[in-house]
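What follows is each chain in one-letter form.
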Amino acid sequence: MEIIDNQYCLSGGVRALDLVERYGCPIYVYDTAVIEQKYKQFMNAFEGVNLKLNYACKALSNVNILRFIKKLGAGLDAVSIQEVMLGLHAGFAPDEILYTPNGVSIEEMAEAIRLGVKVNVDNISTLEQFGHHFPNYPVCIRINPHIMAGGNSKISVGHIDSKFGISVHQLPLVQRIVEATGVHVEGIHMHTGSDILDAEVFLLGAEVLFGAAMAFPDLDYVDFGSGFKVPYKPNDISTDIEDLGKRIGERFHTFCKEYGKELTLKFEPGKYLVSESGYFLVKTNVVKQTMSTVFAHVDSGLNHLIRPMFYDSYHEIFNVSKPEGKSRIYTVVGYICETDTFGVNRKISEIQEGDILAFKNAGAYCYSMSSNYNSRFRPAEVMIYEGQDYLIREQEDFQDLLRHQVEVDGLLDDKVGQLGTEQPNLLGEKIEQKRKAER
Ligand SMILES: *Cc1c(COP(=O)(O)O)cnc(C)c1O
């Protein structure tokens, strides 16, 4: 967002406060101009390389976002059969989707194959069964290169004790299985974690993967997964994608010569493409001064944005209602009945009750990790596309909380609930209307 005429605006001059007026609060907002810019930056960094990006849709899986990213030219990385279904629903062709599950049943593999998508095998047991059940279906193999990488033990997935991938040390065994079953290995893959800063790590991984690739004579692609670090704090360092593109690109060219075939180089960025496109807008309910701290309580919590509590991640917070106010120090917390601190001792432009705050980097792993904890509704999502705003998901309502609950007929109480189907937040809306009328 940038400040235009003393108002925080998204691309095309869409004002953040107008979105709150129109769609309520809290809301997630995604600016597709940012996604496009990130996609193009990545593609340009690898100029001259036969490159394909598969967007890791677990980061943000609204179908409108998927369609936008498809329009840019990307394929899809799916980690569950449901993500595969979302991708197909959004219009991706089956062969544009690579399904990379971790330890799923052979039945789920069979379902992916029935749907016609590319499949990635990440363990020996599945590989053995694969040739038996699906002798003519090509596969990709996920290698664990045993590189310790990533910003956090929860998101580092390539180290020696990781549950992901087939150990590169087991390659001879993989080769024996491939020979015995006649399965066609069309791709080779690694994904070592999230928040990797260094091109060096990718280059190390590349050496391992290129080495492994030599064992499979009929490959179409080599997939380096993802894990790019994006900036969270002002002046934060992030993966230098131009440097990475230059170095990996050169190395890939020499590899293809050695291999004797022009392969496709693939990456699966999730966070890199969407993190910075997203803002989460919340309203300040209460400002509370204790002995040592000023708390800003907002109308959200770990139910909507769990990354700070789950990964200790940092999301910059600013006051959308006071673009040029004097800064003070706040600890921003949610309304959940356990500690849900979004940010400690943050310098934020002076907050009054009712002010709208925004969280940055709310595009990746925010909505997609949200829940109904405390029986709260999940928020709405809005997309900015070519300078216009579109509601792409409604806020949930009371019916959503009851959906799929089976109220066993007459078992415990035969009285219909007092609320019936009425929305408990109508009262809140009425108060809000009254407040507006008074202003
Ligand atoms: C999560 C994941 C990604 C995306 O990781 P980011 O850090 O969001 O870019 C890519 N590939 C696989 C297999 C993943 O599990």
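Here's a quick rundown of the structure. Source: prediction; values computed, not measured.

### Thoughts on the overall build of the protein
So, point 1. Of regular secondary structure, the protein possesses 13 helices and 20 strands.
So, point 2. The proportion of buried residues among the 439 residues of the protein is 50%.
So, point 3. Across the protein, contacts joining residues at least 24 apart in sequence account for 67% of those joining residues at least 6 apart.
So, point 4. Surface summary for the protein: the accessible area is close to 20600 Å², and the carbon and sulfur share equals 50%.

### Quick notes on the packing of aromatic side chains
So, point 1. Counting across every chain of the model gives 25 aromatic pairs.
So, point 2. Taking 4.6 Å as the distance between ring centres and 45 degrees as the angle between the ring planes, the aromatic pair formed by Y8 and F318 counts as tilted. Remark: F318 occurs in strand β15 (residues 317-319) and Y8 occurs in strand β2 (residues 7-9); sequence separation between them is 310 residues. Across the pair, F318 and Y8 agree in class, each one buried.
So, point 3. For the ring pair F46 and F267, a centre distance of 5.2 Å and an interplane angle of 55 degrees mean the geometry is tilted. Of this pair, F46 sits in the loop between α2 (32-45) and β4 (51-56) while F267 sits in strand β12 (residues 264-267), placing them 221 residues apart in sequence. Of the two residues, F46 and F267, both sit in the buried class.
So, point 4. Of the aromatic side chains, those joined through ring pairs into one cluster are F42, F46, F202, F210, F224, F228, F252, F255, Y259, F267 and Y272.
So, point 5. The residue whose ring lies beneath K233 is Y314, and the NZ or CZ to ring-centre distance is 4.8 Å.
So, point 6. Positioned above the aromatic ring of Y314, the side-chain terminus of R346 is 3.8 Å from the ring centre.

### Describing helix α1 (residues 16-23)
So, point 1. Along α1, the positions that sit buried rather than exposed are A16, L19 and V20. The arc that holds the buried residues of α1, viewed along the axis, is 100 degrees, so those residues lie on one side.
So, point 2. Just downstream of α1, G24 is the residue with a positive phi angle, here 85 degrees.

### Focus on the environment of K261
So, point 1. Within the secondary structure layout, K261 lies in the loop between α9 (241-259) and β12.
So, point 2. Residue class for K261 comes out partly exposed when judged on its relative accessible area of 30%.
So, point 3. Taking the C-alpha atoms as reference points, K261 and L219, 42 residues apart in sequence, are found 8.7 Å from one another.
So, point 4. What K261 contacts, discounting residues up to four positions off in sequence, is D218, L219, D220 and C256.

Parameters at a glance
- Residues numbered from 1 in each chain as written.
- Predicted model: local features only at pLDDT ≥ 70, side-chain atom pairs only at ≥ 80, totals over all residues.
- Heavy atoms only, no water.
- Helix = DSSP H or I, 4+ residues; strand = E, 2+ residues; numbered from the N terminus.
- Buried < 20%, exposed > 50% of the residue type's maximum accessible area, 1.4 Å probe, protein only.
- Contact = heavy atoms within 4.5 Å.
- Areas by Shrake-Rupley, 256 points an atom, 1.4 Å probe, with all protein chains shown as cover.
- Phe/Tyr/Trp six-rings, centres within 6.5 Å; stacked < 30°, edge-to-face > 60°.
- Lys NZ or Arg CZ within 6 Å of the ring centre and 35° of its normal.
- Arc of directions from axis to C-beta.

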